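Analysis of the macromolecular model
Here is how the chains run, residue by residue.
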Amino acid sequence: MKLRALPVWSRRGLRHRTLMQVGLIFGFWGAGQGLAHLSGLPIPGALIGLVLLLLALSSGRLSHLSARRGAQCFLADMLLFFVPAVLAVTDHPEFLGWLGLKLLVVVLGGTLVVMVATALTVEWCYRWLTARGAQQRPDVPRQPLRRVASQAPVEGRS
């Protein structure tokens, strides 16, 4: 069913009301959960719902304006979706001691190493491309040099 098949008042309501858009996103999530349960696929229903929403948006059956505010609402409160992960730490009190401190140092150290390696790689590539570009510019088509009027033609060339 296309969005245009809906009455005008519901289209306007869908495009301008965040709560209706959140409900629409929950509807796709519920449809994905149902398909996952009925089919017995080992794929999470939320992922199937996301694919269904993507298909509806890419096929033009659903305008991006119909889910934009609802999606922004979810993104604004993204931290609340990670509360269960934080609460899981309370199930493992060993993470609050030396083991947790060691893990924190390893994670932060690994992140720092990756960031420094990425920065150095980007810097090296930039310098290499700049030096190579000074020698030759393969992305710019070469144009023949124009002869200045005061120069006499070289013998053998036109």
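Our subject in this report is the structure included herewith.

About the thresholds
Residues numbered from 1 in each chain as written. Predicted model: local features only at pLDDT ≥ 70, side-chain atom pairs only at ≥ 80, totals over all residues. Heavy atoms only, no water. Helix = DSSP H or I, 4+ residues; strand = E, 2+ residues; numbered from the N terminus. Buried < 20%, exposed > 50% of the residue type's maximum accessible area, 1.4 Å probe, protein only. Contact = heavy atoms within 4.5 Å. Phe/Tyr/Trp six-rings, centres within 6.5 Å; stacked < 30°, edge-to-face > 60°. Axes fitted to C-alpha atoms, helices over the stretch in contact; angles between N-to-C directions. Parallel < 35°, antiparallel > 145°, perpendicular 65-115°, else oblique. Left-handed = near helix turned anticlockwise from the far one by under 90°. Nonpolar A, V, L, I, M, F, W, Y, C, P; charged D, E, K, R; others polar. Salt bridge = Lys/Arg side-chain N within 4 Å of Asp/Glu carboxyl O.

Before going further, it helps to spend a moment on the overall build of the protein chain. Within the protein chain, the regular secondary structure consists of seven helices and zero strands. Listing every helix and strand of the protein chain by position from the N terminus yields α-α-α-α-α-α-α. Taking all 158 residues of the protein chain together, the buried fraction comes to 14%. Partitioning the intrachain contacts of the protein chain with sequence separation of at least 6 by distance along the chain shows that 47% fall at a separation of at least 24.

Quick look at the environment of Q72 now. As for its position among the elements, Q72 is in helix α4 (residues 68-76). Since its relative accessible area comes to 45%, Q72 is described here as partly exposed.

Attention shifts here to the packing of aromatic side chains. Across all of its chains, the model carries three aromatic pairs by this definition. Ring centres of F26 and F74 lie 5.7 Å apart, and the angle between their planes is 80°; this geometry places the pair in the edge-to-face category. Of the two residues, F26 is situated in helix α2 (residues 18-39) and F74 in helix α4; the sequence distance between them amounts to 48 residues. With a centroid separation of 6.4 Å and an interplanar angle of 10°, the aromatic rings of W124 and W128 are classed as stacked. In this pair, W124 and W128 are both assigned in helix α7 (residues 98-135), four residues apart and thus about one turn of the helix distant. One aromatic cluster is present, built from ring pairs that chain together F26, W29 and F74.

Next up on the list: the packing of α2 against helix α3 (residues 45-59). Direction vectors running N to C along α2 and α3 enclose 125°, while the axes themselves pass 7 Å from each other. Taken together, the axis directions place α2 and α3 in an arrangement best described as oblique. Our pair here, α2 against α3, has a crossing hand that is right-handed. In this structure, α2 uses F28, W29, A31, G32, Q33, L35 and A36 to contact α3, whose residues at the interface are G45, A46, I48, G49, L52, L53 and A56. Within the contact of α2 with α3, the residues separate by chemical class into 10 nonpolar, four polar and no charged.

With that out of the way, let us pick up the pattern of salt bridges. On inspection of all chains with the given rule, the structure shows one salt bridge. Notably, a salt bridge pairs E123 with R127, separated by 2.9 Å at the nearest N-O pair. Taken as a pair, E123 and R127 lie in helix α7 at a separation of four residues, close to a single helical turn. Judged by its relative accessible area of 36%, E123 is partly exposed.

The next point concerns the packing of α2 against α4. Direction vectors running N to C along α2 and α4 enclose 80°, while the axes themselves pass 7 Å from each other. Judged by the angle between their axes, α2 and α4 are roughly perpendicular. Residues T18, Q21, V22, I25 and F26 of α2 lie in contact with α4, whose contacting residues are R68, R69, G70, A71, C73 and F74. Taken together, the residues of the contact of α2 with α4 break down into six nonpolar, three polar and two charged.

Attention now moves to the environment of F26. What makes F26 partly exposed here is its relative accessible area of 44%. Along the sequence, F26 and A46 sit 20 residues apart, while their C-alpha atoms lie 9.5 Å from each other.

These figures come from the coordinates and say nothing about function on their own.
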